[in-house]
Amino acid sequence: MRLKFIQLLAGAALLALPAHAQQPEPVQIPAAVLRVDETRLPPLSRLDLPPPDLGFAGARLAMDDNDTTGRFMGQDFEAIEVTATPDTAAAEMQAILDQGIEFIVLLADDATTLALSDQAGAGVMVFNAGARGDNLRGADCRFNMIHVAPSHAMLTDAMAQFLMWKSWPRWFLIHGSHPEDQALADAWRRAAAKFGARIVEEREFEDTGGARRTDSGHVQVQAQMPVFTQRASEHDVVIAADEADVFANHLPYLTWDPRPVAGSAGLVPRSWHPAMEAWGGTQFQNRFERLANRQMREEDYQVWLSLRMVGEAATRTQSGDPEVLKEFILSPEFDVAGFKGQALTVRDWDHQLRQPILLTTGALTTSVSPQDQYLHQTSALDTLGFDRPETQCRF
Amino acid sequence: MKHLFCSAALALTLLPGVALANRVFITNERSNDVTVLDGESFEVIGTYPVGNRPRGITISPDGSELYVCASDDDIVRVFDPETMQEMHTLPSGPDPELFVLHPSGNPLYIANEDDNLVTVVDVQTRQVLAEIPVGVEPEGMGVSPDGRYVVNTSETTNMAHFIDTETYEIVANVLVDSRPRFAQFTADGSKLYVTSEIGGTVSVIDPETYEITKKISFEIPGVLPEAIQPVGARVTSDGKKLYVALGPSNRVAVVDAETDEVIDYLLVGQRVWQLAFTPDERYLYTTNGNSNDVSIIDVQRDEVIRSVPVGQQPWGVVVAPD
């Protein structure tokens, strides 16, 4: 198998690429993006309201980028955009599968992502561009799923390295009451143990329901948060685990003790941030903003990167055959550039894409992990998340 | 020393022809200025503001005009290298990053990173002669010694585009490894080197057949492969040695340019970016973006002999001709 690729690549190098695509018909390479929108309360901040084209705008930019290269290669890329609710997701997935599409990008929660990838079956390559659950990369892993979204463990490890570099090892962990908050809190506990931090106190912020945004709601919040964080054990930093977006953004400046907040608010670990400018990021942000008339979100970046992986495979193999592309993406020869300053590659033990994690405030990138001080025998990126010896994934 | 330097500077202004030789110009991307070094004494002569986010820098073959890509001003600024006074500007298209002058000194070929274009500008009439659509994020620019081809590398399309300088048509596209940053012909035009930052390789391309004849890869004991990111490259005029800046690995690779095998790695400053020889090729200057200095390599001995602090985040470097 390995041999086949080498031959393919050698063939690619010899093929003097035609200056003007002289092939009569460009090779079509179809893909789909399926976004499953849940009915949920609006976010705490209206700045976080999801735009209608969330994720799809990233797909459009990827198509532009792929097609610019495809123009020289005789390849034409397309990605259909499908939205669904949790109730209609299976039917929409079936409709995509009925079209014979073999590259499907999913933006959905953990459980839906897992169910849809099983529905897609072994012949289809599913890109997980949204779900962060560690179980999807562990006990519940699937061979046909490539995780482009970083896992909880990668995000919390990225922050843990920075906090240890900062010499802030005593953490006050506040997590929400939803199952996804609990899962995230588990990732924080694991990161603390892995990097030698200590969780000196844990509290649960219970979601009592009701509206999250009310006129002059800040009046009550201002009294509520200091009281909630009162008399905690001596700590260096407050860690918020709030996947459900109930309380974390109320914490900064309202904690009882004057301590920085990290995690779901304050300093936040992310795959992408619209202020990121390093490694050619400026041009990438500009291209996106011209196309979408808004700033790029993590979902857009992750969908873009998923479809760029397909495009990169098509360029390198000079093929539009889905079997060839899938095999190449899973081969050790594959890498993709994602404006993170180094090649991004797929972990063979759980199909997670290795990637640096940005630690961001509202306006800027404060740091990028892995931190230089954390070494690894094969790739510094494998200091983030579940490494080969720890994985529970068995394909 | 100071006194000596002053009298030297005085002599420079009196004898402009001699004076300029070996003067070294370094763009500082973050401090928005150019540091000028004396190529003999390695002393800083001065620091001069040059517009916003200066990156690519080059000088006319007669040494009379210094060109600077002011990326955030969307313009190329032209300076008198003697006085560092701005003479005029050239239209560049948006976000100019790197450029190359035709061997005759005209025109100037500019990569517009933000617009997927190569802009061709007549440096005398200051008119745009052509805009050539290329791949996504054009960056590196090389010109063949006979001036027939300009080669542009596009960072996201991962190709070296050969552009005919007569017709402005792309005549060939050569697929290379990820994020190609720089294109450098040998002086006899027989080989083209293209560096790939993320791919970690240098492709050796035969400009006659457009074929990749070899890929040079790098291995440094104790340095993880992802830190080895080839960016700037320069080859000696006798075609014997190629130097490749390896970015965050803080090394410059020395390559035997006859066999294209790596001979040595030289430790320089942090995030080494671009390179420039002195006209006699005795010294090679490197810009080190994260340590705010330049390293000076003795080319015969392949030793780093000095580092000189410059402005913030030095990016490009050019040495005045003899």
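Residues numbered from 1 in each chain as written. Chains lettered and ligands numbered in written order. Predicted model: local features only at pLDDT ≥ 70, side-chain atom pairs only at ≥ 80, totals over all residues.

J.: Help me understand the overall build of chain B, please; the structure alone is not making it clear to me.
T.: Helix and strand counts for chain B stand at 2 helices and 28 strands. Principal-axis analysis of the C-alpha atoms places the extent of chain B at approximately 55 × 50 × 35 Å. The burial tally for chain B puts 56% of its 322 residues in the buried class. The long-range fraction of contacts in chain B, counting pairs at least 24 apart against all pairs at least 6 apart in sequence, stands at 44%. (Helix = DSSP H or I, 4+ residues; strand = E, 2+ residues; numbered from the N terminus. Buried ≥ 20, exposed ≤ 12 C-beta atoms within 10 Å, placed from the backbone. Contact = placed C-beta atoms within 7 Å.)

J.: I tried to follow the overall build of chain A on my own but got confused; where do I start?
T.: Along chain A, the regular secondary structure elements total 11 helices and 14 strands. By its C-alpha atoms, chain A is 70 × 45 × 40 Å across when sized along the principal axes. Out of the 395 residues belonging to chain A, those deemed buried represent 49%. The contacts of chain A with a sequence gap of at least 6 include a subset with a gap of at least 24, amounting to 68%.

J.: Can you walk me through the domain arrangement of chain A in this structure?
T.: Interface size is commonly expressed as the accessible surface area that is lost when the partners come together. Residues and elements named next belong to chain A. Annotation of chain A at the domain level lists domain 1 (2–150 + 273–355) and domain 2 (152–208 + 216–270 + 356–395). The straight-line distance from the C-alpha centre of domain 1 to that of domain 2 is 28 Å. Contact with domain 1, which involves 23 residues of that partner, is made by 26 residues of domain 2. Partitioned by chemical class, the residues of the side of domain 1 that touches domain 2 number 9 nonpolar, 7 polar and 7 charged. (Domains from an automatic or database assignment. Nonpolar A, V, L, I, M, F, W, Y, C, P; charged D, E, K, R; others polar.)

J.: Mind showing me how you'd approach unusual backbone geometry here?
T.: What you tend to see is this: most non-glycine residues have negative phi, and most peptide bonds are trans. Following Ser369(A), the chain continues to Pro370(A) via a peptide bond in cis, the omega torsion being 10°. Take Pro370(A): it is sitting in the segment after β14 (365–369). Cis geometry is adopted by the peptide bond preceding Pro107(B), which originates at Asn106(B) and carries an omega value of 0°. With respect to the helices and strands, Pro107(B) occurs in the loop between β8 (96–101) and β9 (108–112). Located in the positive-phi region is Tyr168(B), a residue other than glycine, with phi close to 60°.

J.: Honestly, the interface of chain A and chain B in this entry has me stumped. Any pointers?
T.: Counting residues at the interface gives 20 residues for chain A and 27 residues for chain B. At 4 residues, the largest contribution of residues to the side of chain A that touches chain B is made by helix α2 (residues 56–73) of chain A.

J.: Explain the confidence of the model for chain A here, please?
T.: Note that predicted coordinates carrying low pLDDT should not be read in detail. Averaged over all residues, the pLDDT of chain A equals 92, while 94% of them reach at least 70. Between residues 1–16 of chain A, whose pLDDT stays under 50, and residues either more than four places distant or in other chains, the model counts 17 contacts. (pLDDT = per-residue confidence, 0-100.)

J.: Just to check I follow, could you spell out helix α9 (residues 281–292) of chain A for this structure?
T.: Three- or four-residue spacings in an α-helix give side chains the same orientation, since the helix completes a turn every 3.6 residues. Residue and element names in this part refer to chain A. In this model, α9 (12 residues) spans 16 Å end to end at C-alpha, consistent with the 16 Å of a helix rising 1.5 Å per residue. Buried residues of α9: Gly281, Gln283, Phe284, Arg287 and Phe288, and no others. Projection of α9 onto a plane perpendicular to its axis shows the buried side chains occupying an angular sector of 165°, all on one side. Packed against the buried residues of α9 are α2 and α10 (298–317). In the segment just after α9, Asn293 is the residue with positive phi, at about 55°. (Expected span 1.5 Å × (residues − 1). Arc of directions from axis to C-beta.)

J.: Which parts of the structure should I look at to understand the pairing of strand β18 (residues 201–206) of chain B?
T.: All names here are of chain B. The buried count for β18 comes to 5 of 6 residues, which makes it a mostly enclosed element. Where strand β17 (residues 192–196) lies against β18, 5 bridges are found, and the strand directions are antiparallel. Looking at the pairing, Leu192 lines up with Ile205 of β18. Linkage of β17 to β18, two consecutive antiparallel strands, is achieved through a turn of 4 residues, within which Gly200 is found at a positive phi near 75°. (Pairing = 2+ DSSP bridges.)

J.: So what exactly am I meant to see when it comes to the nonpolar core here?
T.: A general trend in soluble globular proteins is that nonpolar side chains are found buried together. Residue and element names in this part refer to chain A. The biggest cluster of nonpolar side chains holds 111 residues, and the ones touching the most others in it are Ile104, Leu106, Ile239 and Leu307. Top contributing element to this core by residue count: α10, with 9 residues. Excluding its chain neighbours within four sequence positions, the residues that come into contact with Leu106 are Leu34, Thr113, Leu116, Val126, Phe127, Asn128, Ala129 and Gly130. (Core = buried A, V, L, I, M, F, W, Y, C linked by C-beta atoms within 7 Å.)

J.: Help me understand the pairing of strand β23 (residues 261–267) of chain B in this model?
T.: Two faces, one strand: in a regular strand the side chains alternate between the faces of the sheet. Residue and element names in this part refer to chain B. Pairing of strand β22 (residues 251–256) with β23, which is carried by 6 bridges, proceeds in the antiparallel orientation. From the neighbouring strand, Arg251 faces β23, where its bridge partner is Leu267. Where β22 folds back onto β23 in an antiparallel hairpin, the turn is made up of 4 residues, including Asp260, whose phi is positive at roughly 55°.

J.: Hey, could you run me through the sheet that holds β23(B) in this one?
T.: The strands that make up a sheet pair up through hydrogen bonds in the backbone, lying either parallel or antiparallel. Residues and elements named next belong to chain B. With respect to topology, 4 strands assemble into an open sheet ordered β20-β21-β22-β23, the strand pairing being antiparallel. Each edge of the open sheet is held by one strand with a lone partner, namely β20 (233–235) and β23. Across the sheet, the axes of successive neighbouring strands diverge by a mean angle of 20°, strand direction being ignored. (Axes fitted to C-alpha atoms, helices over the stretch in contact; angles between N-to-C directions.)

J.: What exactly am I supposed to notice about the UniProt feature "domain: Leucine-binding protein" (unreviewed entry) in chain A here?
T.: Within the UniProt annotation, "domain: Leucine-binding protein" (unreviewed entry) is assigned to residues 57–360 of chain A. Overall, residues 57–360 of chain A shows 41% helix and 18% strand. The separation of its end C-alpha atoms is 22 Å. (UniProt positions renumbered as here; feature names shortened; annotations may be inferred.)

J.: For this particular structure, what's the right way to read the packing of α10(A) against helix α11 (residues 322–329) of chain A?
T.: A pair of packed helices can be characterised by two numbers: the angle between their axes and the separation between those axes. Residues and elements named next belong to chain A. Interhelical geometry of α10 versus α11 gives an angle of 105° and a closest axis separation of 9 Å. As the angle between them shows, α10 and α11 are arranged roughly perpendicular. Seen from α10, the contacting residues are Met309, Val310, Ala313, Ala314, Arg316 and Thr317; seen from α11, they are Val324, Leu325, Phe328 and Ile329. (Parallel < 35°, antiparallel > 145°, perpendicular 65-115°, else oblique.)

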